[in-house]
Amino acid sequence: MKVDVLLGLQWGDEGKGKVVDVLTPNYDVVTRFQGGPNAGHTLEFEGQKYVLRSIPSGIFQGGKVNVIGNGVVLDPALFKQEVEQLEASGHDLTKRLYISKKAHLILPTHRILDAAYESAKGAGKIGTTGKGIGPTYTDKTSRNGLRVGDLLCNFDQKYAKAIARHKEILSHYDYKYDLEPIEKAWFEGVEKLKQYTFIDSEYELNGLLKEGKSILAEGAQGTMLDVDFGSYPFVTSSNTICAGACTGLGVAPGKIGDVYGIFKAYCTRVGSGPFPTELFDEVGKTIRDLGHEYGAVTGRERRCGWIDLVALKYAVMINGVTKLIMMKSDVLDGFDIIKACVAYNINGNETDEFPFDVTEGEVTPIYKEFKGWKKDMTKTKSESEFPAEFNEYIDFLEDYLEVPVKIVSVGPDREQTIVRYAE
Ligand code: GDP
Ligand code: IMO
Ligand code: MG
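Computed from a prediction, not measured in an experiment: that's the story for all the values here.

(A) Broad picture of the coordination of the magnesium ion (ligand 3). Every protein donor of the magnesium ion (ligand 3) is listed here as Asp13 (OD) and Gly40 (O), and their distances to the metal cover 2.1 to 2.2 Å. With Asp13 in the loop between strand 1 (3-8) and helix 1 (16-23) and Gly40 in the loop between strand 2 (29-32) and strand 3 (41-45), this residue pair connects regions lying 27 residues apart in the sequence. Assessed through its relative accessible area of 13%, Gly40 is described here as buried.

Structure follows, in structure tokens:
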């Protein structure tokens, strides 16, 4: 069997958590391969809402195996919080959640370093989630990181060395911090984490594939936040793209099956950085209000705009997307006119390619306009109920992106999902 990958094609928050939950019954295993608690994946079913940060979104559907892969960075304190919230609502994960020994640990000082770096950047700040993601991945690539498996052997020594190093770096920054309370919560988190089985996930996952088990890999963030291909430097610090599933799980490229690319029928971004189709007018505000576009964890206002097909086509190419999933089209139900950006005009030159530096020169989106469908789609059960204008919008996206739209989501609930064709 193969690993299917589901990942975001925009700047995150596309609705990955919801769809992973919907697709989980088709799989034996669900696994995260990158990112960490910078993610906030929302699921809604049976009148309950859950937000997951480090735990895969496959935990609610019938006792599937869930794995936190080696490419993930894990903060024990936040992990404990997340697990305890789930326990309080009756979900015991100890028998169905496994953690890679090679996943890197977000140390208490990583969070402080994240804040100190952001503060030093002033107006040029990235607008990170403040979870220590950048500093943890930096330590990973500079070969200074600590991994989950390190908790099992001589940890105190390794920890003291890492913290001393971080304190030395922090001494060069004019940034006040109080490590003690963060450290206390962190070590309580470590005790919680140790209740889980740490595994050699690359062996386990490849072994499961050999046994004929199917795996769904759940991306975090989105392609436009990828450290190599996103709108650098306003990106996260991991490879959010399909290739990240290979390095973040230890599965070979030939083992990748379907690549589900998920996008909103419009576009959002949280934090700083270029966003060519951003709307600063009433339309942008209406999308934010109707789409409840506020961060799942931070509550930060998300910037809103029309769908950007230049960026989306780029993301489809980088990931080798085989099936598209369109989310939140219901947010546009009341609009008279819907726009899609089909090219950019940059300093008088038209292009349908995402440029090296979007901030170089003036980027003006070129839009194609669509007549709105003006119908409440939230109770739609099948494609046969789609209005003609809605079909026209989807047909155009499929033509432009050259990939079929397999799933359409018309509301946050698990049930508000229309699968257009089975395979
Ligand atoms: P993720 O990070 O990609 O999992 O996405 P988030 O959970 O951060 O943000 C998606 C938000 O949209 C959540 O509040 C979801 O409950 C909500 N949502 C998901 N799908 C739909 C949809 O089709 N329509 C509407 N109106 N909301 C949706
Ligand atoms: P999910 O998985 C949206 C953004 C931050 C910031 C940049 C870098 O829920 O889609 P980081 O803390 O990673 O160093 O921040 O990336 N960002 C996200 N935006 N959704 C996310 O995750 C994000 N994770 C990080 O806002 O601009
Ligand atoms: Mg999110």
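And the narrative resumes.
(B) How the structure looks around the pattern of salt bridges. Within this structure, the stated rule accounts for 24 salt bridges. One salt bridge in this structure joins Arg111 and Asp75, with 3.0 Å as the shortest N-O distance. With Arg111 in helix 3 (residues 108-121) and Asp75 in the loop between strand 6 (73-74) and helix 2 (76-88), this pair connects stretches of sequence that are 36 residues apart. Relative accessible area serves as the criterion here: at 22%, Arg111 is assigned to the partly exposed category. For Lys328, the salt bridge goes to Glu293, with nearest N and O atoms at 2.9 Å.

(C) Representation of the site of ligand 2 in the model. Taken together, 21 residues are adjacent to ligand 2, and Asp13, Lys16, His41, Thr129 and Thr236 come closest. Within the contact set of ligand 2, an oxygen atom lies 2.7 Å away from a side-chain nitrogen or oxygen of Lys16. Relative to its unbound accessible area of 550 Å², ligand 2 is 98% covered by the protein chains. Classifying every residue of the shell around ligand 2 by side-chain character gives 8 nonpolar, 10 polar and 3 charged.

(D) Here's a closer look at the site of ligand 1. Close contacts around ligand 1 come from 20 residues, with Gly15, Lys16, Thr42, Asp330 and Ser409 the closest. Between an oxygen atom of ligand 1 and a side-chain N or O atom of Lys328, the distance comes to 2.9 Å. Here the residues of the shell around ligand 1 are counted per class, giving 5 nonpolar, 7 polar and 8 charged.

Quick notes on the rules
Residues numbered from 1 in each chain as written. Chains lettered and ligands numbered in written order. Predicted model: local features only at pLDDT ≥ 70, side-chain atom pairs only at ≥ 80, totals over all residues. Heavy atoms only, no water. Donors = N, O, S within 2.8 Å, 3.2 Å for Na, K, Ca; no water. Helix = DSSP H or I, 4+ residues; strand = E, 2+ residues; numbered from the N terminus. Buried < 20%, exposed > 50% of the residue type's maximum accessible area, 1.4 Å probe, protein only. Salt bridge = Lys/Arg side-chain N within 4 Å of Asp/Glu carboxyl O. Near = heavy atom within 4 Å. Polar contact = N/O pair within 3.5 Å; in protein donor to acceptor, adjacent residues only side chain to side chain. Areas by Shrake-Rupley, 256 points an atom, 1.4 Å probe, with all protein chains shown as cover. Nonpolar A, V, L, I, M, F, W, Y, C, P; charged D, E, K, R; others polar.

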